[in-house]
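So you can see what is in the structure, the chains are spelled out below.
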There are 2 protein chains.
Amino acid sequence: MQIILLSGGSGTRLWPLSNDARSKQFLRLLPVENSEERESMVQRVVRQIREAGLDAPMTVATSVTQQDSIISQLGQGVSIVTEPSRRDTFPAICLASEFLSKVKNCSPDEVVVVMPCDPFTELGYFKAIAEMEKAVTAGVADLVLMGIRPTYPSAKYGYVLPGDELSDDALTVCRFVEKPDVPTAEKLISEGAFWNGGVFAFRLGYLTKIAERYVSYPSFDEIRAHYADFPKISFDYEVAEKADSVAVIPFAGEWRDLGTWNTLTDELRHHTYGNVTVDGSGQNTHIINELDIPLMCIGTSNLVVAASPDGILVTEKGRSEDIKAYADKLKNRPMYEERRWGFYKVIDFVEFPDGFCALTKQLTLNPGASISYQEHQCRDEVWTFIDGSGEMVLDGMRLNVHRGDTFRIMKGQKHTLRAGEKPLTFIEVQTGNNLVESDIIRYPFEWEAGE
Amino acid sequence: MQIILLSGGSGTRLWPLSNDARSKQFLRLLPVENSEERESMVQRVVRQIREAGLDAPMTVATSVTQQDSIISQLGQGVSIVTEPSRRDTFPAICLASEFLSKVKNCSPDEVVVVMPCDPFTELGYFKAIAEMEKAVTAGVADLVLMGIRPTYPSAKYGYVLPGDELSDDALTVCRFVEKPDVPTAEKLISEGAFWNGGVFAFRLGYLTKIAERYVSYPSFDEIRAHYADFPKISFDYEVAEKADSVAVIPFAGEWRDLGTWNTLTDELRHHTYGNVTVDGSGQNTHIINELDIPLMCIGTSNLVVAASPDGILVTEKGRSEDIKAYADKLKNRPMYEERRWGFYKVIDFVEFPDGFCALTKQLTLNPGASISYQEHQCRDEVWTFIDGSGEMVLDGMRLNVHRGDTFRIMKGQKHTLRAGEKPLTFIEVQTGNNLVESDIIRYPFEWEAGE
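The shown structure was predicted, so the numbers you read here are calculated from the model rather than taken from an experiment.

Asks: Could you clarify how one ought to interpret the overall build of chain A in this entry?
Replies: Looking only at helices and strands, chain A has 10 helices and 30 strands in total. Here the C-alpha atoms of chain A give a radius of gyration of 24 Å, agreeing with the 22 Å that 2.2 N^0.38 yields for 451 residues. Taken over the C-alpha atoms alone, chain A extends approximately 70 × 65 × 45 Å along its principal axes. Residues classed as buried in chain A amount to 57% of the 451 residues present. A separation threshold of at least 6 residues defines the contact pool for chain A, and within that pool the share at least 24 residues apart is 67%.

Asks: When you look at the interface of chain A and chain B in this model, what are you seeing that I'm missing?
Replies: By a frequent convention, interface size equals the accessible area lost on bringing the separate parts together. Listed per partner, the contact involves 60 residues of chain A and 60 residues of chain B. Taken together, both faces of the contact between chain A and chain B bury some 4,500 Å²; the carbon and sulfur share is 66%. Of all residues in chain A, Met 296, Ile 298 and Ile 312 of chain A give up the largest surface area on contact with chain B, accounting jointly for 15% of the area buried on that side. Run the count over chain A and chain B and you get 6 salt bridges.

Asks: Any chance you could explain the pattern of salt bridges here in plain terms?
Replies: Under the definition given, this model contains 60 salt bridges over all chains. Lys 24 of chain B serves as the salt-bridge partner of Asp 118 of chain B, at 3.7 Å between the closest nitrogen and oxygen. With Asp 118 of chain B in the loop between strand E6 (111-116) and strand E7 (120-121) and Lys 24 of chain B in the loop between strand E1 (2-7) and strand E2 (30-31), this pair connects stretches of sequence that are 94 residues apart. This pair shows no difference in class: Asp 118 of chain B is buried, exactly as Lys 24 of chain B is. Close ionic contact of Asp 292 of chain B with Lys 345 of chain B constitutes a salt bridge, the shortest N to O distance being 3.1 Å. Note that Asp 292 of chain B is positioned in the loop between strand E16 (286-289) and strand E17 (295-298) and Lys 345 of chain B in strand E21 (residues 342-351), a separation of 53 residues in sequence. Lys 345 of chain B gets classed as buried once you look at its relative accessible area, which sits at 13%. Each of Arg 333, Glu 337, Arg 339, Lys 361 and Glu 437 of chain A takes part in salt bridges that share partners, so that together they form one network.

Asks: Explain the sheet that holds strand E19 (residues 311-316) of chain B to me, please; I cannot follow it from the model alone.
Replies: Sheets are built from strands paired through backbone hydrogen bonds, the pairs being either parallel or antiparallel. The mixed open sheet is built from 6 strands, whose spatial order is E15(A)-E17(A)-E19(B)-E18(B)-E16(B)-E14(B). The open sheet has two edge strands with one neighbour each: strand E15 (276-278) of chain A together with strand E14 (272-274) of chain B. Between one strand axis and the next, the sheet turns by 5° as a mean value, whatever way the strands run. Of the pairings in the sheet, the one linking E16 of chain B to strand E18 (residues 303-308) of chain B comprises 4 bridges and is parallel in character. When the sheet's bridge partners are listed, His 286 of chain B is paired in E18 of chain B with Val 304 of chain B. In the packing of helix H10 (residues 323-330) of chain B onto the sheet, contacts are made with E15 and strand E17 (295-298) of chain A together with E19 of chain B, and the angle to E17 of chain A comes to roughly 160°.

Asks: Could you clarify how one ought to interpret the relation of the copies chain A and chain B in this entry?
Replies: Note on the chain copies: they are related by a rotation about an axis and a translation along it. Overlaying chain A on chain B yields an RMSD of 0.1 Å, the required transformation being a rotation through 179° with an accompanying axial translation of 0.0 Å. Such a combination of rotation and displacement between the chain copies is what one expects of a two-fold axis. Using C-alpha coordinates, one finds that chain A approaches the rotation axis most closely at Ile 347 of chain A, a distance of 2.9 Å. When the interface residues of chain A are mapped onto chain B, 100% of them again fall at the interface, so both copies present the same face.

Asks: Quick question: what am I supposed to make of the packing of helix H3 (residues 89-102) of chain B against helix H6 (residues 204-211) of chain B here?
Replies: For any two helices packed against each other, the geometry comes down to the angle between their axes and how far apart the axes lie. Residues and elements named next belong to chain B. Two elements in contact, H3 and H6, have axes separated by 9 Å at closest approach and are oriented at 120°. Classed by the angle they form, the pair H3 and H6 counts as oblique. For the crossing formed where H3 meets H6, the hand is left-handed. Taken together, the residues of H6 that come into contact with H3 (itself represented by Phe 90, Ile 93, Cys 94, Ser 97, Glu 98, Leu 100 and Ser 101) are Leu 204, Leu 207, Thr 208, Ile 210 and Ala 211. In terms of residue class, the contact of H3 with H6 is made up of 8 nonpolar, 3 polar and 1 charged.

Asks: Mind showing me how you'd approach helix H6 (residues 204-211) of chain A here?
Replies: Quick reminder: α-helices carry 3.6 residues per turn. Residues three or four places apart thus point the same way. All names here are of chain A. Among the 8 residues that make up H6, 6 are buried, leaving the element largely enclosed by the rest of the structure. The set of residues buried in H6 consists of Leu 204, Gly 205, Leu 207, Thr 208, Ile 210 and Ala 211. Looking at the buried residues of H6, the elements they touch are helix H3 (89-102), strand E6 (111-116), strand E11 (194-203) and helix H8 (235-240).

Asks: Just checking my understanding: could you explain the packing of aromatic side chains for this structure?
Replies: We describe a pair of aromatic rings using the distance from one ring centre to the other and the angle between the two ring planes. Inspection of the entire model under this criterion finds 40 aromatic pairs over all chains. Pairing Tyr 157 of chain B with Trp 255 of chain B gives two aromatic rings, centres 5.4 Å apart and planes at 65°, and the pair type is edge-to-face. Within this pair, whereas Tyr 157 of chain B is found in the loop between strand E8 (143-148) and strand E9 (158-165), its partner Trp 255 of chain B is found in strand E13 (residues 255-256), the two being separated by 98 residues in sequence. With respect to class, Tyr 157 of chain B is no different from Trp 255 of chain B; both count as buried. Between Phe 445 of chain B and Trp 447 of chain B, the aromatic rings sit 5.1 Å apart at their centres with planes inclined by 75°, giving edge-to-face as the arrangement. Look at Trp 447 of chain B and you get buried, because its relative accessible area is 15%. Each member of the aromatic cluster is reached from another via a ring pair, and the members are Phe 90, Tyr 214, Tyr 227 and Phe 230 of chain A. Taking NZ or CZ as reference, Arg 44 of chain A lies 3.9 Å from the ring centre of Phe 120 of chain A, over its face. For the cation-ring pair, Lys 361 of chain A lies above Tyr 344 of chain A, with the distance from its terminal atom to the ring centre recorded as 3.9 Å.

Asks: Hey, could you run me through the confidence of the model for chain A in this one?
Replies: Should the pLDDT be low somewhere, the predicted coordinates at that spot are not to be read in detail. Residue-level pLDDT values for chain A average 93, and 99% of them are 70 or greater. Here the prediction assigns the complex a pTM of 0.86, and the interface score ipTM is 0.85.

Asks: I would appreciate a short explanation of the state of the cysteines in the present structure.
Replies: Joining two cysteines, a disulfide is a covalent bond between their sulfur atoms. Under the defined criterion, the tally for this structure stands at 0 disulfides over all chains. No disulfide involves Cys 297 of chain A; its sulfur sits 11 Å from the nearest other cysteine sulfur, which is in Cys 297 of chain B.

Asks: So what exactly am I meant to see when it comes to a negative patch on the surface here?
Replies: Residues and elements named next belong to chain A. On the surface, a cluster of negative charge is contributed by Asp 164, Glu 165, Asp 168 and Asp 169. Checked against the element boundaries, Asp 168 lands in the loop between strand E9 (158-165) and strand E10 (171-178). Residue class for Asp 168 comes out exposed when judged on its relative accessible area of 77%.

Asks: Can you help me understand the nonpolar core in this one?
Replies: Nonpolar side chains in soluble globular proteins tend to be buried together. Phe 385, Met 392 and Leu 417 of chain A together with Phe 385, Met 392 and Leu 417 of chain B are the most contacted members of the largest nonpolar core, which has 66 residues in total. Setting aside residues up to four positions removed in sequence, Phe 385 of chain B forms contacts with Met 392, Val 401, His 402, Arg 403, Gly 404, Asp 405, Phe 407, Leu 417, Leu 424, Thr 425 and Phe 426 of chain B.

Asks: What am I meant to see in the sheet that holds strand E27 (residues 406-409) of chain A here?
Replies: Residues and elements named next belong to chain A. The antiparallel open sheet is built from 6 strands, whose spatial order is E20-E21-E22-E29-E24-E27. The open sheet has two free edges, formed respectively by strand E20 (336-339) and E27, since each of these has just one partner strand. Mean inter-strand twist for the sheet, computed between neighbouring axes without regard to direction, equals 20°. Pairing analysis gives 9 bridges linking strand E21 (residues 342-351) to strand E22 (residues 357-365), with the strands arranged antiparallel. Of the residues in E22, the one forming a bridge with Gly 342 is Leu 365.

Quick notes on the rules
- Residues numbered from 1 in each chain as written.
- Chains lettered and ligands numbered in written order.
- Predicted model: local features only at pLDDT ≥ 70, side-chain atom pairs only at ≥ 80, totals over all residues.
- Heavy atoms only, no water.
- Helix = DSSP H or I, 4+ residues; strand = E, 2+ residues; numbered from the N terminus.
- Rg over C-alpha atoms; globule rule 2.2 N^0.38 Å.
- Buried < 20%, exposed > 50% of the residue type's maximum accessible area, 1.4 Å probe, protein only.
- Contact = heavy atoms within 4.5 Å.
- Buried area = accessible area lost by both parts, 1.4 Å probe.
- Salt bridge = Lys/Arg side-chain N within 4 Å of Asp/Glu carboxyl O.
- Pairing = 2+ DSSP bridges.
- Axes fitted to C-alpha atoms, helices over the stretch in contact; angles between N-to-C directions.
- Least-squares fit on C-alpha atoms with pLDDT ≥ 70 in both.
- Parallel < 35°, antiparallel > 145°, perpendicular 65-115°, else oblique.
- Left-handed = near helix turned anticlockwise from the far one by under 90°.
- Nonpolar A, V, L, I, M, F, W, Y, C, P; charged D, E, K, R; others polar.
- Phe/Tyr/Trp six-rings, centres within 6.5 Å; stacked < 30°, edge-to-face > 60°.
- Lys NZ or Arg CZ within 6 Å of the ring centre and 35° of its normal.
- pLDDT = per-residue confidence, 0-100.
- Disulfide = S-S within 2.5 Å.
- Patch = residues over 30% accessible without salt bridge, like charges linked within 9 Å, V, L, I, M, F, W, Y side chains within 5 Å.
- Areas by Shrake-Rupley, 256 points an atom, 1.4 Å probe, with all protein chains shown as cover.
- Lys, Arg positive; Asp, Glu negative; His and termini not counted.
- Charge placed at Lys NZ, Arg CZ, Asp CG, Glu CD.
- Core = buried A, V, L, I, M, F, W, Y, C linked by side-chain atoms within 4.5 Å.

Dropping the structure here:
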C-alpha cells in the first residue's frame, strides 16, 4: 500500500498563526499524550499512521510554498510531490499517482490510499483505512471511500448516501450531495448518509488511466511540466461521482476539522502558551503568544487572543469563523516561516516615502543545515552572527563565522552559509527598493562532506 | 509668578503604552480641538497654561529618566529640575524652589504655583490658579491651595474641609483627610469638603525657609547633591497640614485624572489608532496599536486592546485599574523611549543559555540632533543606516554616513552621531553579556556649529 497525504490550504482561518507559508496543519499546538511536547496536525497524523501499524510509504502532495515546512516537520521519511501551480484535488492526486508510477516504479496493482493531512481523529480511522485497502484488494469496488458518521447537520461537508451491503464492512454508494443546506443535511443524516471525509482507496493503475486522458507523457517531469493541462476540478466531482464501481466503508469514531480557532482551542491542553499574564477573573479565554513581548489579559471572557510576527488577533470565540474574510484582505508578506534549513521571523519592516525599504530578520539555521548558494539583484544584506558558528562562502571566498561577526553582502554577490554542530543564529538587515523573498538567483554549490 | 509642574509617576497603569521611561503624561493620545493632531497630557496642560494667559515661566520638577521626554515634548521653553533619586512631593518641590531661588535668582517674595503636569481639565482651572496668585499676593494666607468640587465619593483622593470665608474666593481650611473610605468620603462631601488637587500657591521664601530646615547650602548644586537628606514625605503632610495660615480657593469645573485605560479612553476621539482591523460587531472597544504588525478585533465588547513594543494588553474596561499590579511585576526594560535626540524601539531581544545577549533596535535621530560622544564596556554594536544621512565620529575619525552604510563599533571605541537635515534612521545590533542602557561612558565633544 502507498499513502498519499494531501497538504494544501492557505490557512488564514487561524490567522495570525497561520499564513500563506504556514498553513494550519503546521501549527505545533496539539498536545502529545503523556508528554509536555506539542505537535502539529500533520505530525499527529503521520505519528498515528505509524502507531496504527499502517506500514505504507507516504507521499505528500503539496505546493512549493509548503515543501520546506513539510521537510522541517516530517524529516526525510516521506516523499514530496509539489504542484507547479495550485489547482484542485483531482490534479494533485493525479500528479502524486504518476510520481508513484513513474518515479517510485510502483505496480499498477498496488493499492493507494489518499487522505487529508490534518483530520483530528483517532486510531479507528486508520483501522478503517486498513479495511479500505482490503476491500480494494478483494475487488469489492474500483474505488472505496471512507464514510464518516455525522455528528451534526453541517453545511460545510459533502455527504455520501449508502445503499446495499457489498461485504462485511462496505456498502454501495447511491449518491453524493456536496455541501447541502442544513435542513437537507438533517434529512440526509436521517436517511443514513455519511460525511465524505476525502479518504479514497484504489489501485494505482485505476487512477493513472484516468489521469492519462488529460496528460500523457512518458516521464514524470514531462507530466509535471504540463500540470496546467489538468482540469481544475475536485477528485469528488471528476472521479468519485463518475465512478461505475464505488463503495463506502463507514467510520463512526472521533473526527473533527480543527479549522477555526473555536474548534482548535477545544483540543488544547492549556489556556495560555508563551509569555502570557492573566488574572484570575477571565473565563474561557485561550491565549497564544508567539512574540517575545509580554501579553496580558485581564477580566476577559470567551476570547481567543493570538499573537505572532504576522499580527495580533482578539476574537470572540463564537465569531472566530469570520476572521478569514478580514485576514485575506491583509495580504501581508509572511513574517514567520519554517524552512528546510531552519526558520526566520521578520522583526522590523520600514518603507520610506521614496520606496526604499529596510527589512530586519532574525534567522536560525539548524545544526549542519545550509542555505543555497545565492545572489540578490535588488537588495544588500548585513549579517550579524549572534549565536553558534559556521562557514560562509562570499563570492567564492570561504570564511568561518562566529558570534559577533558582521558581513555585508552587496547586490550581485554570491553567498551561502552552513551551520556547525549547533544552531546558527543571526540578524539580517536587508535594504533596497524591492524586498521580496523571490529576489533570489540560486547557483549550484557542493559543500564537501564532513567538512 | 513662577509655575512648578510636577512630573512623576512610573505610569504602569497605562501599560503597555506607558513604562518607566514613558509615563502616562507623555502619551500622545489626546485629541487637539479643531485638529487631527494629538497631544500628550503634559503638552495639553502647558498649552492650556499659555492659552489661559498665565504668563509665568515654567519649571518642570521630574526624574532623570523623564528629562528626555520633557525636552522632546515641550522643547526648550521650560526649565527642568531633575531629582537625583525618587523621593516624594515635598523634596521635589523644595528642590525646584531652591532652583528658582538660587539658579533663576527669583525674589523670596515671588509667588510660586505648584501643580501636577497631567490633570485633564478646562480653562476655569487656570483662572482659579490666577485667583490663588492674587490671594497670596494680597496676604490672604501663606499657603493657598485649590479645592476641587468632588463629583463622586472617591477613596483615591485627599479631602479638604473648608471653614469661614477669608475673601471673595478664599475659605479657611478646617482639616485635611487623606484617602478616606467611601462612606467617610460621602459624609465629607455632604459637609462641603473639596478634593485636594495638589495645586499650591505660596511666596518662594515661605518654602525655601521650610526647605532649609532639612538641607541648607549656599549653592543649588550642593543642595541637589544632598537631596537624600530631605525626608521622604508628601507636601500635603509636611507643609499643608502643618501650615498656620492656609486657605482654599474652590474650582467647580471639569477635572479628571486620566490615570486608567477606562478613564483615558472616554476622552479619545476615535475607537482605533494604528494598524487595526475591526468588524462591525464589536461594541465599546478601544484599540491602540503602536506596532507595525496588524491587530484584528472581531466581535469584542467593552475591551481596551493596546499594543506597543513593551507588550500587548487585552482588558475588560471595568477591570483596567487592576493592570498596574500585574504590569509592575513584569519589570522588563523599556522597549520604546523618546529621547532628547529622537526615539528608539527594541525590535528583538534574545538571551542565550550562556548569558550572551543580542538586542536589536531601530533608532531615529531628529534633524540636526546628535547623541553624546560615548563608549560601551560590555557590548559591541553594528549600525546599518537605512534612511537620511549624517556624520559619525569613531575614535576621533570623522565619517559621512548614508543609507546602506554599515559600521561595527567594538567595546571601548568612542563614537557619536549627528543627523543631517532630515531624520537619520538606523538599525543597531548590540551583542554582549550585559546589555543595559546604563553601560555608557560619556565624553565631552563639540560639533563645530553649522558644520
